Amino acid sequence: MGTQPRGQGQCLAGEAAAGADVLSVPGPARLGTSVQQDVLGGAQCSQDSGMRLGGPADAATGTLGSVGWRQAGQAAPATTGHRGRHHPSLDPEQLQRARLQVERAIKEKKIFTVQGPYPIIRSLLRARGWVEKKFGGAGKAGSRPEWHHGSQETQLQEKAGDGDDAEQGEAALDPRLGSACCGAQPSQGTSEPLHSPSPPEEEEERWDEDPEAIHNLMSRLVRDQVPYFIWTNRCSAVDCRLLQQDQVVNHYARVGAFTTKEGLCQNLRNLPWFDQVDPDTFFPRCYRLRAADERQAFIEDFHLTAARSLLKVAAEGAMDVLAGMEQPPKCSEEPAGPGPPLPPHLVEEALQVCGQHLSALGHQDIDGDPPSPPAVGTDWNRFLQDYYRVVHEGAGLALSGAQREQCRALLQRLAGQLPQLGMEGDRNVWILKPGAKSRGRGIVCAARLEEVLRLAGVCVAPSARVGEWVVQKYVERPLLIFGTKFDIRQWFLVTDWNPLTVWFYRESYLRFCSQPFSLHHLDPARHLCNVSIQKRYRLARGRHPQLPPDQTWSCRQLQAYLAQVGLGGAWHQVMVPGMKAAVVGALRSAQDLVEHRKGSFELYGADFVFGEDCQPWLLEINASPTMAPSSAVTRRLCASVQRDTLRVVIDCRDNPACPTGAFELIYKEAAVPVPPYVGLKLMVQGHSLKKPKLARHRSQGKPPTTVPCAPQPLVPPSPSAGPRCKEKARGRSQGEAEEL
């Protein structure tokens, strides 16, 4: 279909300036006057012969890219937009197909909106026949698209600063490869790096450079439609109260009860009320320092841990070690510091303190005698200084053989009561974390009590005000790979909160530190495995050649390593079951606090570290885990988890028997009916009792209804009573007889 000659009543607005050919669209392919105005950017023309689209229409107003022209078998004629860039004109065949696809998507409710760098989600939804509704301002912060008709609007905006994303935008970005929001979208599994959100001032330019302008056209055609699938990178981007029942969104409200360090620390303590599970078996001890009672509990815990650590040093190898596993250096390997050995009474004091603690754990102190004065009045400042000399400075201990055996025996008894005794080590290292930050920001490790309190801004005064910090026991005996620490990112999906429905992803990936593990150096390069932290450091010299240069492994590579060191069954027998139990326990502890909504779902990323016995320890749970690949492993896995997420939340909704990829349903409880909340109403409604009137009953010939009481004797009226009294007594006696 070629251009029509001039002079036949066709609109030529902008054609002279553009210097391009103009295509006519046949009558059946008309899009309507209002849509034509949007597509043409105000240059509207209507004739009996059809519509003409051309001139200054650029990518932002719905022109086709060179890709569409090549598919149509035509050369893309260049046109000049309002910025001097060259844009092709619209192909009528492409326009016809776009119109039909939009009509079908509207009829089938397949309109979606994506905020953030999720090209895989866009690509997979488009392949299913969905049409994207791109929000106004090209994703600028603070934009508010109209997602509903009339006055019903949903606020879609990005918060300034950092949000819930675990590591969003960590990977190196190349702006030439396309826009993160609406540019060229690499297909699933592509080797090109995905992109993080662009600065607001660059977004408009990226819209103009979009080679898939047909999607911009379809987006404008559905701009007044309601999106039925919403994917954002922050829960705050959507006001769930304004959503319709059939709209699906990838977030729940109030998930900070388990996705923040402070919320997880607080709510896991309530787990025994919901399930017979001890959180100390999978979550290291944690305290919120801004709460005065928890701050005092942490100080007492630090004291007791120091006493147990001293017993471990004195016992010299009382803790069993798995064969074939790399071990962190022991304190006994340090050269002895200057000065004479500390006297035996330091160990005696530690034995007494730990013995009393063991009695308290076994509830043996309830009926017993009160503790002796030496244990009550322990000088902890002096004790900690002596402990630091032994553990950190290498001072010796003068011990007898009997004391050494007492230490070993007491530690064995404590191991039956304290599930974290093995992983806590002997250096009493704690990790201090901001309560609501991510990507490892602000996290430090410390091994002295005064240092922890100083870093958290805590004074010795009980009324001291502190920030939102949590302090957690550091796993001093982690599982190491070639002497290097690692953690694991494990995805799981929640599709309902009542009944709680949890899907566990079978694939995961490891993140390595750049420096070898050592408790003598507490710098982040050795102890924090976050990608955003490790990318600041260079790899250590002499690093083991089998460690990956991109510091990432898949879980399959971990299984192969475990098989090499004789722990081939640990992954399926210990690690995976432990991670599943920890995830379900964390969710159940916060289930009543999350604002559940039918039609929502959310993907989470849990971080675990393993002990020497392969027992998993939950560190934190992240909402909106990063989908930006930082390595070949994460590029493959991030694409896979997004693909399988859509299988669960979209495909299974229409066909419950469809495959769910690597997602495994691990927990679904029975639905609990939730009564509607009607508020607090203490009013009792009723009406007063009235005394019956005798005259009315006498006129009707019926006895009055009286309140039942004790039967009265039938006493005949006395002879001296008047006729009126006799008649009343006769009537009462007759009524009572009828009742009997």
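Residues numbered from 1 in each chain as written. Predicted model: local features only at pLDDT ≥ 70, side-chain atom pairs only at ≥ 80, totals over all residues. Heavy atoms only, no water.

Right, let's talk about the overall build of the chain for a bit. Along its length, the chain carries 23 helices and 19 strands. With 740 residues in all, the chain has 50% of them scored as buried. A separation threshold of at least 6 residues defines the contact pool for the chain, and within that pool the share at least 24 residues apart is 72%. (Helix = DSSP H or I, 4+ residues; strand = E, 2+ residues; numbered from the N terminus. Buried < 20%, exposed > 50% of the residue type's maximum accessible area, 1.4 Å probe, protein only. Contact = heavy atoms within 4.5 Å.)

This paragraph deals with the pattern of salt bridges. Per the counting criterion, the structure on display carries 31 salt bridges. Across the pair arginine 122 and glutamate 132 runs a salt bridge, and its minimum N-O distance is 2.9 Å. Highlighted residues: arginine 122 in helix α5 (residues 119-127) and glutamate 132 in strand β7 (residues 131-132), separated in sequence by 10 residues. Glutamate 262 is the partner of arginine 290 in a salt bridge, and the nearest nitrogen-oxygen pair spans 2.8 Å. With arginine 290 in the loop between β10 (286-288) and α11 (292-315) and glutamate 262 in helix α9 (residues 261-267), the pair connects residues that are 28 residues apart, well separated along the chain. Overall, arginine 290 belongs to the partly exposed group, its relative accessible area being 42%. Judged by its relative accessible area of 10%, glutamate 262 falls in the buried class. (Salt bridge = Lys/Arg side-chain N within 4 Å of Asp/Glu carboxyl O.)

Our next topic: the confidence of the model for the chain. Chain-level pLDDT for the chain is 74 on average; 63% of the residues reach the 70-or-more range. Counting interchain partners and residues more than four positions distant, the pLDDT-below-50 stretch residues 317-338 has 44 contacts. (pLDDT = per-residue confidence, 0-100.)

As summarised here, the arrangement of the four strands in space is β10-β13-β11-β12, forming an open sheet in which the pairing is antiparallel. A strand with exactly one partner marks an edge of an open sheet, and here the two such strands are β10 and β12 (444-446). Going across the sheet, the axis of each strand differs from the next one's by a mean of 25 degrees, ignoring polarity. In this sheet, β12 lies alongside strand β11 (residues 430-434) in antiparallel orientation, the contact comprising three bridges. Across the sheet, tryptophan 430 pairs through a bridge with alanine 446, a residue of β12. Contacts between α11 and the sheet are confined to β10, β11 and β13 (469-473), with β10 contributing the most and set at about 145 degrees to the helix. (Pairing = 2+ DSSP bridges. Axes fitted to C-alpha atoms, helices over the stretch in contact; angles between N-to-C directions.)

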